[in-house]
Amino acid sequence: MKKIILVALASFLAAAVSAQQGTPAGTASPPPTVSSTTPATAADVETLRQQVQSLTETVKALQQQVKNQQAALEKANLTGESGLPQNPEPSPIAGAGNSPAPTASAPPRFPTEDTSVVSSTAAAAPSPGPGGTGTAPSEAFPTTDTSVVTAAPETISSTGAGASLTQPITIGGGKNYMNISLDGLFALAYSSARDLDHIEVGDHDPQQRGFNARNIELAFDGAVDPYFEGFANIVFKLDNDNETEVEVEEAFMQTTSLPYNLQLKGGQFFAAFGRLNPTHPHTWDFADTPLVNGLFLGPDGLRGVGAQGSWTLPLPWYSQLIVASQNGRGSTGFSFRNPGDNGMFFDRITTDREARGLQDFVWIPRFENSVNLSDTQTVLAGVSGAFGSNETGANSRTQIYGADLLYKWKSSHAEGGFPFVKWQTEFMYRRFQAGHGANDSFPVAETFHDWGLYSQVLWGFKKGWVAGIRGDYVDMQNSQFTDDLDRQSRWRISANLTWYPTEFSKIRLQYNQDFLEENFFLSAREVESVFLQWEFILGAHGAHKF
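Since the model is a prediction, treat every value here as computed from it, not as a measurement.

Thresholds applied
Each chain has its residues counted from 1, following the order in which its sequence is written. Totals for whole chains, interfaces and linings use all residues, but because this is a predicted model, local features are given only for residues with pLDDT of at least 70 and pairs of side-chain atoms are given and counted only at 80 or more. The side-chain values count all of the structure's non-hydrogen atoms but skip hydrogen atoms and water molecules. Numbered from the N terminus, helices here are DSSP runs of H or I no shorter than four residues, and strands are runs of E no shorter than two. Partly exposed describes any residue whose relative accessible area lies between the buried limit of under 20% and the exposed limit of over 50%, with all areas from a 1.4 Å probe on protein chains only and scaled to the type maximum. In what follows, residue pairs with any heavy atoms lying within 4.5 Å of each other are defined as contacts. For the accessible areas, the method is Shrake-Rupley and the probe is 1.4 Å, while residue cover comes only from the protein chains on display. Two N or O atoms count as a polar contact when they lie within 3.5 Å, although within protein this holds only if one can serve as hydrogen donor and the other as acceptor, and sequence-adjacent residues are included solely when both atoms are side-chain atoms. In this scheme Phe, Tyr and Trp rings, the latter by its six-membered ring, pair at centre separations within 6.5 Å, and the angle between planes marks the pair as stacked below 30 degrees, edge-to-face above 60, and tilted otherwise. A ring is scored as having a charge over it whenever the NZ atom of a lysine or the CZ atom of an arginine sits within 6 Å of its centre and within 35 degrees of its normal. Only one rule defines a salt bridge in this text: a Lys or Arg side-chain nitrogen within 4 Å of an Asp or Glu carboxyl oxygen. Remark: nonpolar core denotes a set of buried residues (Ala, Val, Leu, Ile, Met, Phe, Trp, Tyr, Cys) joined through side-chain atoms within 4.5 Å. Note on pairing: two strands pair once DSSP finds at least 2 bridges between them. Patches draw on residues past 30% relative accessible area with no salt bridge. Two like charges within 9 Å are joined, as are two nonpolar side chains (Val, Leu, Ile, Met, Phe, Trp, Tyr) within 5 Å.

Scanning the protein chain from N- to C-terminus turns up six helices and 19 strands. Within the protein chain, the proportion of its 546 residues that are buried is 41%. Pairs at least 24 residues apart make up 62% of the contacts formed inside the protein chain by residues separated by at least 6 positions. When the accessible surface of the protein chain is totalled, it reaches about 27,900 Å², and 60% of it is carbon and sulfur.

Below is the structure:
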């Protein structure tokens, strides 16, 4: 529109010049008339010449402005901009509400002025606190408290002009939508042990010297309808021969609107046993799983197909009762209906039978409570259980009991969640009835009483920097009959340092010292390991439970 106005004005002025040159008497302010009977004086001619020259210069200036505008439009079109608005708003990058229009000599503005792109930095400045100036700190670290202190990136809103550039891909809208994100977790490992896959008891832990890619997770979440929401996590792993393995880690739906603080869940999911088991590897505070989790609940954690109900009690503090039932079959039901490696578990030939009734399912109750000791301190305590049959005998049973405690402190002057201190401890006791195996092939039936624990402290001492130390111990009942590498008592000390450039990436350096104790079949040994772990997240990964 501006181009049309300028061209019209230039044409009008050119016509005016021609009219003044041809018929000067027709102008609004005519120059002195030259009569046929009165000869024009030299002053009259000079005045007319000056007016014509002034109008000519004005036309040239307007023509130059038109050329500049055309050049700007052509450049914008080359960069993908369809055209300038008729009443352009000031760019939020510039931040000037009443900036003057650029002159013909001013360089053209950067053509991208979409507020959805630039306002995430320009409009996201925090409101000033008490005594604040309202100026956002330069290069503020974006990681929020929940994304670092609980090692769970916070969900970023996908609405509003200030939405993050790292949103997940969203399909659909309204009451039906789905978010998609990708998390890649990698590690470079060194160990003094050649059998690192035995030293590290978790399936997502580094399993070999050199590079490891044990957890590349594709996550889906969204609203199914007004009554249900759905979640799914598909994990890709590369084994030691660089062959790809795929597993459906979780895929379940849960209710959103039941009365009386009730919620139901159904599908494939991690059991709500303790603090660590329900979480995914990218949320862990260390590069590997604790010994007690890997040896009691299994390398993949306790998870399976089943159903779960939870009830948040109407109390002044947070209190929740959870009861779940799962098939408990396969390696993800490690201490239960697990056929083992090559049909062997704890030296017994496993029965690998179908469920005979409710007694063969794994029943998993949990009761947890959380209270705020102060505005800066929170304590969460829980007890858990897992009860079901195992495959080492016709009527063999397994019981696992657990207790966990979490203490968390965050400074009242915390910035982006820092500084903070988090202490987390879990204890487990397992009573495992090891039978005679299939067809009573093993000569001895034993009942193992095993126990173990881990305790870890995380200190977020500086924005984006977290130091941690963890101690593990597992006591396996010694046996003169069962020769199994997983029945060796052992303990471990771990220390690490993690840097979070943002909530969408991290780099972690960790050192492990393992001590494996002597038993009836195996000798004692010590192992040292070092891991360099790095992670990236594409899209906003949903927040995990506190």
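Here the focus is the side chain of Thr498. On the secondary structure map, Thr498 appears in strand β17 (residues 490–502). One polar contact links Thr498 to Arg508, side chain to side chain, over a distance of 2.7 Å. Apart from residues lying up to four places away in sequence, Thr498 is in contact with Gly464, Trp465, Val466, Lys506, Ile507 and Arg508.

Checked against the element boundaries, Thr398 lands in strand β13 (residues 397–415). A relative accessible area of 0% means that Thr398 is categorised as buried. Polar side-chain contacts of Thr398 include one of 2.8 Å to the backbone oxygen of Ser335. Only 3.0 Å separates the side chain of Thr398 from the side chain of Asn390, close enough to count as a polar contact. Discounting residues that sit within four places of it in the chain, Thr398 has contacts with Ser335, Phe336, Ala386, Phe387, Gly388, Asn390, Arg430, Arg431 and Phe432.

One pass over the full model with this rule turns up 19 aromatic pairs. Here Phe387 and Tyr401 contribute two aromatic rings whose centre-to-centre distance is 5.3 Å and whose plane-to-plane angle is 65°, an arrangement assigned as edge-to-face. Linking Phe387 in strand β12 (residues 377–389) with Tyr401 in strand β13, this pair joins segments that are 14 residues apart in sequence. Its relative accessible area of 26% is what places Phe387 among the partly exposed residues. Its relative accessible area of 40% is what places Tyr401 among the partly exposed residues. One aromatic cluster in this structure is built from Phe334, Phe345, Phe346, Phe432 and Phe448. Seen from the ring of Phe286, Arg470 lies directly overhead, with NZ or CZ sitting 4.6 Å from the centre. Sitting over the face of the ring of Phe448, Arg487 holds its NZ or CZ atom 3.7 Å from the ring centroid.

This next bit is on the pattern of salt bridges. Side chains that carry opposite charge are capable of pairing whenever their charged atoms lie near each other. In the structure shown here, the tally under the stated rule is 25 salt bridges. A salt bridge links Asp450 to Arg430; its shortest N-O distance comes to 3.0 Å. Taken as a pair, Asp450 in strand β15 (residues 446–462) and Arg430 in strand β14 (residues 418–434) lie far apart in primary sequence, 20 residues in all. As far as the burial class goes, Asp450 and Arg430 line up, both buried.

Time to look at unusual backbone geometry. Residue Pro419 is bonded to the preceding Phe418 through a cis peptide linkage, with omega at 0°. As for its placement among the helices and strands, Pro419 is situated in strand β14. Located in the positive-phi region is Asn342, a residue other than glycine, with phi close to 55°. In this structure Asn342 comes out as exposed when scored by relative accessible area, which is 82%. Non-glycine residue Asp440 carries a positive phi angle of around 55°. Here Asp440 shows up in the loop between β14 and β15. Exposure remark for Asp440: the relative accessible area of 60% places this residue in the exposed category.

Moving on, we come to the nonpolar core. Among the nonpolar cores identified, the biggest contains 23 residues, and Phe273, Phe296, Leu302, Ile364, Ala386 and Val474 are the most heavily contacted of them. Going through the elements one at a time, α6 (291–297) and β11 (362–372) are the ones with two or more residues in this core. Among the elements that line this core, the one with the most residues is α6, at five residues. Of all hydrophobic cores here, the second largest spans eight residues; its members include Leu196, Ile199, Val527 and Phe531.

Turning to the environment of Pro281, a few remarks are in order. For Pro281, the position within the fold is in the loop between β6 (262–270) and α6. Between the alpha carbons of Pro281 and Ile216 there is a distance of 9.9 Å; along the sequence they are 65 residues apart.

Further remarks concern the pairing of strand β18 (residues 505–516). Pairing geometry for β17 and β18, over eleven bridges, is antiparallel. Residue pairing across strands places Leu497 opposite Leu509, the latter belonging to β18. Between β17 and β18, which pair antiparallel in sequence order, lie two residues. In the sheet, β18 pairs with strand β19 (residues 525–538) via twelve bridges, with the strands oriented antiparallel. If you follow Asp514 over to β19, its bridge partner there is Val527.

The next subject is a nonpolar patch on the surface. On the surface, a nonpolar cluster with roughly 1,000 Å² of combined accessible area is contributed by Leu258, Tyr260, Leu262, Leu264, Trp311, Leu321, Val323, Leu358, Trp363, Phe367 and Val383. When contributions to the nonpolar patch are tallied by element, the ones reaching two or more residues are β6, β8 (318–326) and β11. Structurally, Trp311 can be placed in strand β7 (residues 303–312). The partly exposed category is assigned to Trp311, whose relative accessible area is 36%.

The next thing to look at is the environment of Gly184. Its place among the elements puts Gly184 in strand β2 (residues 176–191). Using a relative accessible area of 0% as the deciding quantity, one classes Gly184 as buried. Taking the C-alpha atoms as reference points, Gly184 and Leu218, separated by 34 residues in sequence, lie 8.8 Å from one another. In contact with Gly184, not counting residues within four places along its chain, are Asn215, Ile216, Trp534, Glu535 and Phe536.

A few words now on the pairing of β12. Relative to β12, β11 runs antiparallel, the two sharing eight bridges. Within β12, the residue paired with Phe367 across the bridge is Val383. As defined by bridge partners, β12 adjoins β13 across 13 bridges and the pair is classed as antiparallel. Of the residues in β13, the one forming a bridge with Leu380 is Leu406.

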